[in-house]
Amino acid sequence: GENVGLHLPTLSVQEGDNSIINCAYSNSASDYFIWYKQESGKGPQFIIDIRSNMDKRQGQRVTVLLNKTVKHLSLQIAATQPGDSAVYFCAETRLNSGYSTLTFGKGTMLLVSP
Amino acid sequence: NAGVTQTPKFQVLKTGQSMTLQCAQDMNHEYMSWYRQDPGMGLRLIHYSVGAGITDQGEVPNGYNVSRSTTEDFPLRLLSAAPSQTSVYFCASTKRRGLTGELFFGEGSRLTVL
């Protein structure tokens, strides 16, 4: 939504470059991770997910890497386009009262220049 | 297929007023949730529900009330609005209780409390 980007870390890239957005998660018990993209004025949109029994998963132009040793997640976007400009959130599952809940990171703003 | 529908999109309240944010989904999803989004804070879980008649608190439940009388609807009630509740609110749903699936978000409801 508007003003989501205030105080966020920002990654600025040129069109055609590859982008890498990083995320550190806190709970070693988390077993499922998702990346979301949020364009200005809209709700978050699912990009790609990965389970804790995997260390890499690829989608169309996107790759998620999971390093459980250092509790680190990254999203790689190949051949970044101006339409990729948005805020990107990582999210992790944590058990809460026996049901899974999703906890979001604070987000990274990606700015793509033509 | 409407997906997740939130109303109203914008609302201005005075301190102490009450109101209800509506959320409806037409995907027969078991899991529904409410998040608030503040600048630089990411999305924080307020309340969630894993099915009709079942609700639970998230990270920031104080000042909010929810109920789930049907599978489709999950309203969020502000009992006595405070300026600290000025935020953008997102409703999200997914099919399975275990959250091993994509969360579908609504477009958001921007609330200002004066």
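Remember, it's a predicted structure, so these values are computed and weren't measured experimentally. (Residues numbered from 1 in each chain as written. Chains lettered and ligands numbered in written order. Predicted model: local features only at pLDDT ≥ 70, side-chain atom pairs only at ≥ 80, totals over all residues. Heavy atoms only, no water.)

1. Observations concerning the side chain of Gln25 of chain B
Residue and element names in this part refer to chain B. Summarising the element assignment, Gln25 is placed in strand β3 (residues 19-25). Note on Gln25: relative accessible area 2%, which makes it buried. Of the polar contacts made by the side chain of Gln25, one reaches the backbone nitrogen of Met27; its length is 2.9 Å. Aside from chain neighbours lying at most four places away, what touches Gln25 is Gly3, Val4, Met32, Arg68, Thr71, Glu72 and Ser93. (Helix = DSSP H or I, 4+ residues; strand = E, 2+ residues; numbered from the N terminus. Buried < 20%, exposed > 50% of the residue type's maximum accessible area, 1.4 Å probe, protein only. Polar contact = N/O pair within 3.5 Å; in protein donor to acceptor, adjacent residues only side chain to side chain. Contact = heavy atoms within 4.5 Å.)

2. Some points on the packing of aromatic side chains
The full count for this structure, using the stated rule, is 11 aromatic pairs over all chains. An angle of 85° between the planes, with centres 6.3 Å apart, marks the rings of Tyr36 of chain A and Phe46 of chain A as edge-to-face. Taken together, the residues span a long stretch of sequence, with Tyr36 of chain A in strand β3 (residues 32-38) and Phe46 of chain A in strand β4 (residues 45-51) at a distance of 10 residues. For the ring pair Tyr64 of chain B and Tyr89 of chain B, a centre distance of 5.8 Å and an interplane angle of 65° mean the geometry is edge-to-face. Of this pair, Tyr64 of chain B sits in strand β7 (residues 64-66) while Tyr89 of chain B is found in strand β9 (residues 87-94), placing the two residues 25 residues apart along the sequence. The exposure class assigned to Tyr89 of chain B is buried, which follows from its relative accessible area of 0%. By way of ring pairs, the aromatic residues Tyr36, Phe46, Phe89 and Phe104 of chain A together with Tyr35, Phe90 and Phe105 of chain B are connected into one cluster. (Phe/Tyr/Trp six-rings, centres within 6.5 Å; stacked < 30°, edge-to-face > 60°.)

3. With respect to the state of the cysteines
Put plainly, a disulfide is one covalent bond tying together the sulfur atoms of two cysteines. With the rule as written, the count across this model stands at 2 disulfides over all chains. Between Cys23 of chain A and Cys90 of chain A runs a disulfide, and the two sulfur atoms are separated by 1.7 Å. One disulfide, between Cys23 of chain A and Cys90 of chain A, carries an S-S torsion of 40° and so falls in the right-handed class. Separated by 67 residues along the polypeptide, Cys23 of chain A in strand β2 (residues 19-24) and Cys90 of chain A in strand β8 (residues 86-96) bring together distant segments of the chain. An identical accessibility class is assigned to Cys23 of chain A and Cys90 of chain A; each is buried. Each sulfur in the disulfide pair Cys23 of chain B and Cys91 of chain B lies 1.9 Å from the other. Torsion about the S-S bond of the Cys23 of chain B and Cys91 of chain B cystine: about -70°, corresponding to left-handed handedness. Placement of the pair is Cys23 of chain B in strand β3 and Cys91 of chain B in strand β9, with a sequence separation of 68 residues. Note on Cys91 of chain B: relative accessible area 0%, which makes it buried. (Disulfide = S-S within 2.5 Å.)

4. Considerations on the sheet that holds strand β8 (residues 76-78) of chain B
Residue and element names in this part refer to chain B. Spatially, β1-β3-β8-β7 is the arrangement adopted by the 4 strands of the open sheet, whose pairing is antiparallel. If you trace the sheet from one side to the other, it starts and ends with β1 (4-7) and β7, each paired once. Across this sheet, the average inter-strand angle for adjacent strands is 20°, counted without regard to direction. (Pairing = 2+ DSSP bridges. Axes fitted to C-alpha atoms, helices over the stretch in contact; angles between N-to-C directions.)

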